[in-house]
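# Structural characterization, general
So the chains spell out like this:
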Amino acid sequence: MVAVRKAETEPSWPAPKPLPDGLLPVAAFEMDFLPKSIAPWVADISDRMQCPADFVGIPAMVALGAVLGRKIGIRPQQMTDWTEVANLWGCIVGRPGAMKSPAAQEALRPLNRIEADARKESDEARKDYESALTLHKIAKEVATAKAREALRKGDNAEGLLDIDEPEEPKAKRLVTNDTSYERLGEILADNPNGVLAFRDELVSLLKTLDREEYAAARGFYLTAWNGTSGYTFDRITRGKTHIEAACVALLGSTQPGKIAEYIRRATSGGAGDDGLIQRFSLLVWPDQAGDWKEQDRYPLIEAKQAAWATFGSIGSLDPMAIGAQRDDNEELPYLRFDDAAQQVFREWRADLEGRLRSGDMSPAMESHMAKFRKTVPALALINHLADGGCGPVNERAILRALAFSQYLETHARRAYAAGSEGETTAAKAIISRIRRRQLSDGFTARELWRNKWSGLDDLDHVKAGLALLTDYHWLSLAVAQTGGRPSGTYTINPKVLA
């Protein structure tokens, strides 16, 4: 005899309770976080597109850091050789249709212009190269004939064939899209200053890098975040490619559900818990403004010109002309903080290190905040140079970077909290399937899981979502005791489908 225990024999269903949002509050983006030279431009784009300013400001700062690349670094201490490069990783999170991609693409337009201008110069250089190569081949043939004649006569032919081949011009790249890591390595070999990799749907890249067969690609990206470490590709078909210092800025966008699920998986232990997601120190998940108004007007030309000029000046920066230092046998020039800025940084660093050692943060959040050791000095360097600074990085630049970092921390906390509350995401995915009439009374957790629907392909995740829906009166659970493992079936609250 099978004994059946139902949550309610004939349920008198209460109204389903709203599911917890699960999102922590975040700080709003302020234009004071940005260099003064680009802030009006960012504000103008945000206003015309009616999108959160975060969606423009984050890509703009990542783009500035990418242009700066390995032209110059910053040494956050006065006497050590600890050096950081301003290549940053950013991600903007928003619902579909929130203008994430158009905003990011608008912020990247100055980079595209610099690259287009460089491409024209490269085309001209290639024409000159092809002409020089033709002349080189002719000169080589003439020299070979002279060498043969000299040898025939018994004369010395040494040096006759020592003719330098013209150097092939390298294509200048600043931005790549959907590029394999091997190809990205080849681009970096020709562009040692570094490049920006832009992925419209970032989580798809991250999931690819999680796969075992892409372990080498994952290792490459982890290395390229540093901006200071060398990397060598050894391939049978392509031979050896060595990069003195792999430097990649990374930018992308994604949707709330996708990033929450990815963070949940990535921070639950295992191969994905190696700090890859924590390197996205410029990850932002802003609240979507409810108000919208029509904006049919021209861009603010002065703001645009000033911002684009800033990208141009950073792109043509001569580090030594602005007071940079370079150590013997070191290729990378650098700046340090001035006295006032150094004191501000020391106080902030002491506070950060104390927090990291307090045990008050989750392991994922602790790892994320530890990456701010690079982020804050890098932001200060960008601020200083974008506003025309020369010599040591000043106090104003570091204070702006610290204000920015406080804002970024609130967004990181939202992201990691959302990742740890995967039951809400699963519950919403289950409700979606119920309302599509893809689930009916009497289904089990295992039956639901076997469908492998998006967001419901992890059994533990499914069970957590079902438990939440039961607690909030969306479902009722009936447990059957058969003498073995109890099995449960779910009944749907009719008010869900009303």
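Our subject in this report is the structure included herewith. All of these numbers come straight from a predicted model, not from anything done at the bench.

Here the focus is the overall build of the chain. Within the chain one finds 17 helices and 12 strands. Once the C-alpha set of the chain is aligned to its principal axes, its extents read approximately 110 × 60 × 50 Å. Residues counted as buried form 49% of the 498 residues belonging to the chain. Summarising the internal contacts of the chain: among those between residues at least 6 apart in sequence, 73% fall at separations of at least 24. Carbon and sulfur atoms provide 49% of the accessible area of the chain, an area that totals close to 24600 Å². Averaging the locations of the 64 positively and 69 negatively charged side chains of the chain gives two centres separated by 5 Å.

Quick look at the side chain of T375 now. By secondary structure assignment, the location of T375 is in helix α12 (residues 372-386). Look at T375 and you get buried, because its relative accessible area is 1%. Separated by 2.8 Å, the side chains of T375 and S281 make a polar contact. Leave out the neighbours within four places in its chain, and T375 touches L88, S281 and L282.

Unlike most non-glycine residues, N329 shows phi in positive territory, near 65°. Its location among the elements puts N329 in the loop between α9 (301-315) and β10 (334-336). We classify N329 as exposed; its relative accessible area is 84%. Look at R437: it is not a glycine, yet its phi comes out positive at around 65°. Relative to the elements of secondary structure, R437 occurs in the loop between α14 (422-435) and α15 (445-450).

Further remarks concern helix α7 (residues 215-226). Its 12 residues give α7 an end-to-end C-alpha distance of 18 Å, which sits within 8% of 16 Å, the value for a rise of 1.5 Å per residue. Looking at the residues trailing α7, positive phi occurs at G227, about 75°.

Turning to the pattern of salt bridges, a few remarks are in order. Enumeration over the complete set of coordinates arrives at 23 salt bridges. A salt bridge links E213 to R211, with the nearest nitrogen and oxygen atoms 2.8 Å apart. Among the residues examined, R211 registers a relative accessible area of 41% and is labelled partly exposed. Between R413 and E409 there is a salt bridge, with the nearest N and O atoms lying 3.0 Å from each other. Taken as a pair, R413 and E409 lie in helix α13 (residues 395-420) at a separation of 4 residues, close to a single helical turn. In this structure E409 comes out as buried when scored by relative accessible area, which is 13%. Via salt bridges that share partners, D44, D47, R48 and R297 belong to a single interconnected network.

Attention now goes to the sheet that holds strand β5 (residues 195-201). Where strands meet in a sheet, backbone hydrogen bonds hold them as pairs that are either parallel or antiparallel. Sheet architecture is open: 5 strands sit in the order β4-β5-β8-β3-β9, paired in parallel fashion. Pairing within the sheet leaves two strands with one partner each, and these edge strands are β4 (175-177) and β9 (282-284). On average, each strand axis in the sheet is tilted by 15° relative to the strand beside it, whichever way the strands run. Direction of pairing for β4 relative to β5: parallel, over a ladder of 3 bridges. Pairing of T176 across the sheet is with A197, part of β5.

Another aspect to go through is the side chain of S281. Here S281 is to be found in the loop between α8 (256-266) and β9. Residue class for S281 comes out buried when judged on its relative accessible area of 2%.

Below, the discussion takes up the state of the cysteines. Should the sulfur atoms of two cysteines be covalently bonded, the bond is a disulfide. Per the counting criterion, the structure on display carries 0 disulfides. The cysteine C91 is free of any disulfide, with C51 supplying the nearest cysteine sulfur at 15 Å. On the basis of relative accessibility, which here comes to 1%, the residue C91 falls in the buried class.

Residues L135, I138 and V142 make up a contiguous nonpolar surface patch of about 280 Å² in total accessible area. Checked against the element boundaries, L135 lands in helix α4 (residues 109-153).

Bringing the packing of aromatic side chains into the picture now. Throughout the structure, instances matching the rule amount to 18 aromatic pairs. For the ring pair W41 and F311, a centre distance of 6.0 Å and an interplane angle of 75° mean the geometry is edge-to-face. Taken together, the residues W41 in helix α1 (residues 39-49) and F311 in helix α9 connect sequence positions 270 residues apart. The exposure classification of W41 matches that of F311, with both residues buried. Chaining the aromatic ring pairs together yields one cluster made of Y181, F220, Y221, Y231 and F233.

Formed by 121 residues in total, the largest nonpolar core has its most connected members in W41, L196, F220 and I277. When sequence neighbours within four positions are dropped, the list of residues in contact with L196 reads V62, A63, A66, L108, L111, L174, V175, T176, A249 and L251. In this structure, A429, I431, W453 and L475 belong to the second largest nonpolar core, which totals 22 residues.

Calculation rules
- Residues numbered from 1 in each chain as written.
- Predicted model: local features only at pLDDT ≥ 70, side-chain atom pairs only at ≥ 80, totals over all residues.
- Heavy atoms only, no water.
- Helix = DSSP H or I, 4+ residues; strand = E, 2+ residues; numbered from the N terminus.
- Buried < 20%, exposed > 50% of the residue type's maximum accessible area, 1.4 Å probe, protein only.
- Contact = heavy atoms within 4.5 Å.
- Areas by Shrake-Rupley, 256 points an atom, 1.4 Å probe, with all protein chains shown as cover.
- Lys, Arg positive; Asp, Glu negative; His and termini not counted.
- Charge placed at Lys NZ, Arg CZ, Asp CG, Glu CD.
- Polar contact = N/O pair within 3.5 Å; in protein donor to acceptor, adjacent residues only side chain to side chain.
- Expected span 1.5 Å × (residues − 1).
- Salt bridge = Lys/Arg side-chain N within 4 Å of Asp/Glu carboxyl O.
- Pairing = 2+ DSSP bridges.
- Axes fitted to C-alpha atoms, helices over the stretch in contact; angles between N-to-C directions.
- Disulfide = S-S within 2.5 Å.
- Patch = residues over 30% accessible without salt bridge, like charges linked within 9 Å, V, L, I, M, F, W, Y side chains within 5 Å.
- Phe/Tyr/Trp six-rings, centres within 6.5 Å; stacked < 30°, edge-to-face > 60°.
- Core = buried A, V, L, I, M, F, W, Y, C linked by side-chain atoms within 4.5 Å.

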